[in-house]
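# Residue-level structure breakdown
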Amino acid sequence: MKGVTKRIDSIFKKLKNHENEFGLKLEFEVNGKRKEYQFGGEDIDITIGRDISNDVVIEHNSVSRNHARLRVKDGTIWVEDLGSKNGTYIREKKIEAPHRVTNEITVGWVMVKIDMLRHKKDSDAHIPDEKYLILSLITGVIFATAGAGIIILALFYSFL
């Protein structure tokens, strides 16, 4: 029965590798230069500021050294001002506490466009179609319980 369990785990692991991957893309323009940052994963936690220790560096005098924090949790984007001098804004309204974000924020005087990315993960694993998945489960059970499973396995795969 261990063989069946391993086979089923292997199949579901391949399927899991193909779930949607989330990401965040930030775009802004400073002094005529457009910059873009991308971050992957479901739980994103990034800092924005003028200091190079931040995940997103905005070289503008209106941006504090450590200005704001963006977090993505359960598919929702949140922004928090980190005590900046010139504030963080959503639709021209200064935020005082963590706030949900849709598509843009203003950090100091710099407008940052935010896009939530949802795409398939790139993976070397092949997504088994439904027919292959069912046949694999059946042959795994047969192989694990019968000594002649190899012959039966060959017969099942000959019908593909």
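Report follows, based on the coordinates. (Residues numbered from 1 in each chain as written. Predicted model: local features only at pLDDT ≥ 70, side-chain atom pairs only at ≥ 80, totals over all residues. Heavy atoms only, no water.)

Another point: the overall build of the protein. Helix and strand counts for the protein stand at three helices and eleven strands. Starting at the N terminus, the α and β elements of the protein follow one another as α-β-β-β-β-β-β-β-β-β-β-β-α-α. Here the contacts in the protein between residues at least 6 apart in sequence split such that 42% fall between residues at least 24 apart. When the accessible surface of the protein is summed, it comes to about 10600 Å², and 52% of that surface belongs to carbon and sulfur atoms. (Helix = DSSP H or I, 4+ residues; strand = E, 2+ residues; numbered from the N terminus. Contact = heavy atoms within 4.5 Å. Areas by Shrake-Rupley, 256 points an atom, 1.4 Å probe, with all protein chains shown as cover.)

With that settled, the discussion passes to the pattern of salt bridges. In this structure the tally under the stated criterion is seven salt bridges. For Arg 71, the salt bridge is made with Asp 45, and the minimal N-O distance between the two is 3.3 Å. Pair noted here: Arg 71 is in strand S5 (residues 68-73) and Asp 45 is in strand S3 (residues 44-49), with a separation of 26 residues, a long-range link. For Asp 45, a relative accessible area of 41% puts it in the partly exposed group. (Salt bridge = Lys/Arg side-chain N within 4 Å of Asp/Glu carboxyl O. Buried < 20%, exposed > 50% of the residue type's maximum accessible area, 1.4 Å probe, protein only.)

This next bit is on the side chain of Lys 25. Within the element layout of this structure, Lys 25 appears in strand S1 (residues 20-30). Of the residues examined, Lys 25 reaches a relative accessible area of 19% and is grouped as buried.

Quick look at unusual backbone geometry now. One non-glycine residue with positive phi stands out, namely Asn 31, at about 50 degrees. Checked against the element boundaries, Asn 31 lands in the loop between S1 and strand S2 (33-40). Notably, Arg 91 is not glycine yet its phi reads approximately 50 degrees, a positive angle. Mapped onto the secondary structure, Arg 91 falls in the loop between strand S7 (88-90) and strand S8 (93-94).

For soluble globular proteins, the rule of thumb is that nonpolar side chains tend to be buried together. In this structure, Val 56, Ile 58, Leu 70, Ile 105, Val 112 and Ile 114 are the most contacted members of the largest nonpolar core, which totals 26 residues. Elements supplying a minimum of two residues to this core: S1, S2, S3, strand S4 (56-57), S5, strand S6 (76-81), strand S10 (104-107) and strand S11 (110-120). Sort the elements by how many residues they give to this core and S1 lands first, with four residues. In this view, Ile 58 contacts Phe 28, Val 30, Ile 48, Gly 49, Arg 50, Val 63, Val 110 and Val 112; residues no more than four positions away in its chain are not counted. (Core = buried A, V, L, I, M, F, W, Y, C linked by side-chain atoms within 4.5 Å.)

Scanning all chains against the criterion turns up two aromatic pairs. Both rings, one in Phe 28 and one in Tyr 37, keep their centres 6.1 Å apart while their planes meet at 15 degrees; by these two values the pair is stacked. Relative to Phe 39, the ring of Tyr 37 has its centre 6.4 Å away and its plane inclined at 5 degrees; by these criteria the two rings are stacked. Chaining the aromatic ring pairs together yields one cluster made of Phe 28, Tyr 37 and Phe 39. (Phe/Tyr/Trp six-rings, centres within 6.5 Å; stacked < 30°, edge-to-face > 60°.)

Here we take up the sheet that holds strand S9 (residues 99-101). Read from one edge to the other, the open sheet built from five strands follows the order S4-S3-S5-S6-S9, with strand pairing classed as mixed. Looking along the sheet, the strands with just one partner apiece sit at the ends: S4 and S9. Judged from the three bridges that link them, S6 and S9 form a sheet pairing that is antiparallel. In the sheet register, Val 79 faces S9, and the bridge partner there is His 99. (Pairing = 2+ DSSP bridges.)

Along the polypeptide, Ser 64 turns up in the loop between S4 and S5. Residue classification places Ser 64 among the buried positions, given a relative accessible area of 14%. A polar contact is formed between the side chain of Ser 64 and the backbone nitrogen of Lys 85, at a distance of 3.0 Å. (Polar contact = N/O pair within 3.5 Å; in protein donor to acceptor, adjacent residues only side chain to side chain.)

Fair warning: the whole summary comes from geometry, so function is off the table for now.
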